[in-house]
Amino acid sequence: MAQAAAVGALLGASTAFLAPSAAPAPAPALRGAPHSSRDSTGPGLAGAAGVGAAALGLGLLAARPAATACRAAAVKKKGVKVVHGKEIPWNLFSPKAPYQGKVVENDVHKQTLTEPTGDANWETTHVTFDHGGKVPYIEGQSIGVIAPGPDKKGEQPAKIRLYSIASSAVGDDQTSKTVSLCVKRVVEVDGKFANRQKGEDKPDKAGTAYPENQVYRGVCSNHICDMTPGDEVLITGPTGAEMLLPEDPEANIIMLATGTGIAPMRSYLRLLFHDKAGASSDGGRKFKGKAWLFMGVPYSKSLLYDDEHQTYKKAFPDQFRYDYAVSREQKNAAGQKMYIQTKMAEYAEELWEMMQDEKTHVYMCGLKGMESGMAECFGPIAEKNGLVWAEFAKAMKKADRYHVEVY
Ligand code: FAD
Ligand code: A2P
């Protein structure tokens, strides 16, 4: 564990799993992961807290030699996955043996992250769970949550739902013992499905209720949004290798998020511009590239983490750019609804130039429609340059520079 912490300190980086060649081999805590270390709450790793501590870093590290990777791949370890030659935490807890965490905070802001808009599904919350250092993760991963149910077919407990992690590896409190999510409460009134008949809907934690209507309340999102500190939560994972940060501290990061798709972006931004783990010895940040966030939401009352983005913009004007598209309040010059791709089209040339640089990575998270939005935005400019956008995007994907998580 001491060694794990030392590795973390040496690297000062989120993926201390991804120890550079000069560093000691990965945290011994990970290696042994003895079965006997399981506690009553699930398959905890011995010293997993050490893993969390080791995972203090920026994924922005020098690559580890292939030989190390091969060695890691040859001996298949429980709880880790080798991605691009680096070990990352992986499915330490399964649906059959989840980790039982506790809610430490729900709604960091006055009420929720968003304000009522008149829509039934107006609410998005930021919730933090204590994982005691047993569920280490890195920026860009997800965890699963198991709600008590009943689920759609009556299952109890419900099937797991995945949530992108909204905190950096060290957690919001930088102890490596917490994980935060950004969860939108699913509420549908007089829609195709109902799990509350007329007269049955009761006010939720935010006070919203539709007793006169048939209502469908999402099984897991309502479970999470209604949590209060001290409540127990069943967690699986971590999982996900699609949205990991690049190694290069000089990489440029273009982030496209609709709604709760902001979650992984928040985890990156905490590491890049907020956490001690991302600070360099010269008083600046380890991250030396440019980060540009495009965020799409329906109303200005739904602008998630806007205060944090404004703070980064003020503190790092040369490194952080922030643009948002408020679909139901803004229109472009042609009178079209302002979607994220409509906003990006205003900077199409500049973004296109950035994407030609092999140091530039694109991260996209949120609604499925975003990918076709990219094609709409960059199709014409690709064509002007004698290229086909779909082919260009495919090549970027192959080079691991185009990361998509839509749901
Ligand atoms: P459910 O109860 O699963 O309902 C979902 C929909 O099912 C409703 O629209 C309902 O109309 C419909 N439905 C109800 N009954 C039926 C039926 N019988 N047949 C068919 N359809 C029916 N969400 C977030 O809020 N934040 C995140 O950061 C986030 N990250 C994600 C990351 C990944 C990788 C993935 C895959 C998903 C992510 N999600 C995220 C979505 C999340 O996993 C859940 O899908 C979401 O919270 C809704 O779950 P629920 O249990 O509340 O709703
Ligand atoms: P709208 O709902 O006005 O059509 P949320 O998840 O909070 O609802 O936010 C999702 C945001 O993404 C909304 O502003 C929504 O707009 C917008 N949106 C919907 N469809 C697309 C699409 N195909 N491409 C980009 N953004 C979209």
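Being a predicted model, the structure only gives us computed values, none of them experimental.

Reading the values: rules and limits
Residues numbered from 1 in each chain as written. Chains lettered and ligands numbered in written order. Predicted model: local features only at pLDDT ≥ 70, side-chain atom pairs only at ≥ 80, totals over all residues. Heavy atoms only, no water. Pairing = 2+ DSSP bridges. Helix = DSSP H or I, 4+ residues; strand = E, 2+ residues; numbered from the N terminus. Axes fitted to C-alpha atoms, helices over the stretch in contact; angles between N-to-C directions. Contact = heavy atoms within 4.5 Å. Salt bridge = Lys/Arg side-chain N within 4 Å of Asp/Glu carboxyl O. Buried < 20%, exposed > 50% of the residue type's maximum accessible area, 1.4 Å probe, protein only. Parallel < 35°, antiparallel > 145°, perpendicular 65-115°, else oblique. Left-handed = near helix turned anticlockwise from the far one by under 90°. Arc of directions from axis to C-beta. Phe/Tyr/Trp six-rings, centres within 6.5 Å; stacked < 30°, edge-to-face > 60°. Lys NZ or Arg CZ within 6 Å of the ring centre and 35° of its normal.

Engineer: What exactly am I supposed to notice about the sheet that holds strand 14 (residues 360-366) here?
Structural biologist: Within a sheet, adjacent strands bond to each other through the backbone by hydrogen bonds, running parallel or antiparallel. If you walk across this open sheet you meet the five strands as 13-12-11-14-15, and the pairing is parallel. Either end of the sheet is taken by a strand with one partner, and the two such strands are strand 13 (320-326) and strand 15 (402-406). The mean inter-strand angle of the sheet, taken between neighbouring strand axes irrespective of direction, is 10°. Pairing geometry for strand 14 and strand 15, over five bridges, is parallel. Bridging across to strand 15, Tyr-363 finds its partner in His-403. Contacts between helix 7 (residues 306-315) and the sheet are confined to strand 12 (291-297) and strand 13, with strand 13 contributing the most and set at about 145° to the helix. On top of the sheet, helix 11 (residues 389-398) reaches strand 14 and strand 15; it is set at about 100° to strand 15, its chief contact.

Engineer: For this particular structure, what's the right way to read the pattern of salt bridges?
Structural biologist: Side chains that differ in charge, positive against negative, can pair when their charged atoms come close. All chains considered together, the criterion is met by 23 salt bridges. Residue Arg-266 pairs with Glu-308 through a salt bridge whose shortest N-O separation is 3.0 Å. You can see Arg-266 sitting in helix 6 (residues 262-273) and its partner Glu-308 sitting in helix 7, a full 42 residues away along the chain. Exposure remark for Arg-266: the relative accessible area of 4% places this residue in the buried category. Residues joined in a network through salt bridges with shared partners are Glu-123, Arg-185, Arg-196, Asp-201, Asp-204, Arg-217 and Asp-226.

Engineer: What is the right way to read the environment of Ser-302 from this model?
Structural biologist: Note that Ser-302 resides in the loop between strand 12 and helix 7. When residues no more than four places from it in sequence are discounted, the contact partners of Ser-302 are Thr-114, Thr-117 and Val-297.

Engineer: Explain the packing of helix 9 (residues 348-356) against helix 11 to me, please; I cannot follow it from the model alone.
Structural biologist: Helix packing for two helices is described by the angle between their axes and how far apart those axes are. Look at helix 9 against helix 11: their axes get within 12 Å of each other, and the N-to-C directions meet at 45°. With respect to each other, helix 9 and helix 11 are oriented oblique. As helix 9 packs across helix 11, the resulting crossing turns out to be left-handed. Each of Trp-352, Met-355 and Gln-356 in helix 9 lies in contact with helix 11, whose residues at this interface are Trp-389, Phe-392 and Met-396.

Engineer: I would appreciate a short explanation of the sheet that holds strand 10 (residues 232-239) in the present structure.
Structural biologist: Strand order in this open sheet of six strands is 6-5-10-3-4-7, and the pairing throughout is antiparallel. Edge positions in the sheet fall to strand 6 (161-164) and strand 7 (178-184), since each has one partner strand and no second. Mean inter-strand twist for the sheet, computed between neighbouring axes without regard to direction, equals 45°. Two strands pair when backbone bridges link them, and strand 4 (residues 124-130) and strand 7 are joined in this way by seven bridges, in the antiparallel orientation. Across the sheet, residue Thr-128 finds its bridge partner in strand 7, namely Ser-180.

Engineer: Even after reading the chapter, I still don't get helix 7, so can you show me in this structure?
Structural biologist: Every α-helical turn comprises 3.6 residues, leaving residues that sit three or four positions apart pointing alike. Along helix 7, the residues classified as buried are Glu-308, His-309 and Tyr-312. Angular distribution of buried residues about the axis of helix 7 spans 100°; they occupy a single face of the element. Buried residues belonging to helix 7 abut helix 6, strand 12 and strand 13.

Engineer: Please explain the packing of aromatic side chains as it appears in this structure.
Structural biologist: Aromatic rings in a pair are described by how distant their centres are and how their planes are angled relative to each other. What the rule picks out here adds up to 16 aromatic pairs. Residues Trp-389 and Phe-392 carry aromatic rings whose centres are separated by 5.8 Å and whose planes lie at 40° to one another, so their mutual orientation is tilted. Placement of the pair is Trp-389 and Phe-392 together in helix 11, with a separation of three residues, close to one helical turn. According to the relative accessible area criterion, Phe-392 is buried, its value standing at 12%. One aromatic cluster is present, formed by Phe-273, Phe-287, Tyr-312, Phe-316, Phe-320, Tyr-322 and Tyr-324 through successive ring pairs. One Lys or Arg, Lys-81, reaches over the ring of Trp-90 and ends 4.7 Å from the middle of that ring. We note Arg-321 situated over the ring of Trp-292; from NZ or CZ to the ring centre the distance is 3.7 Å.

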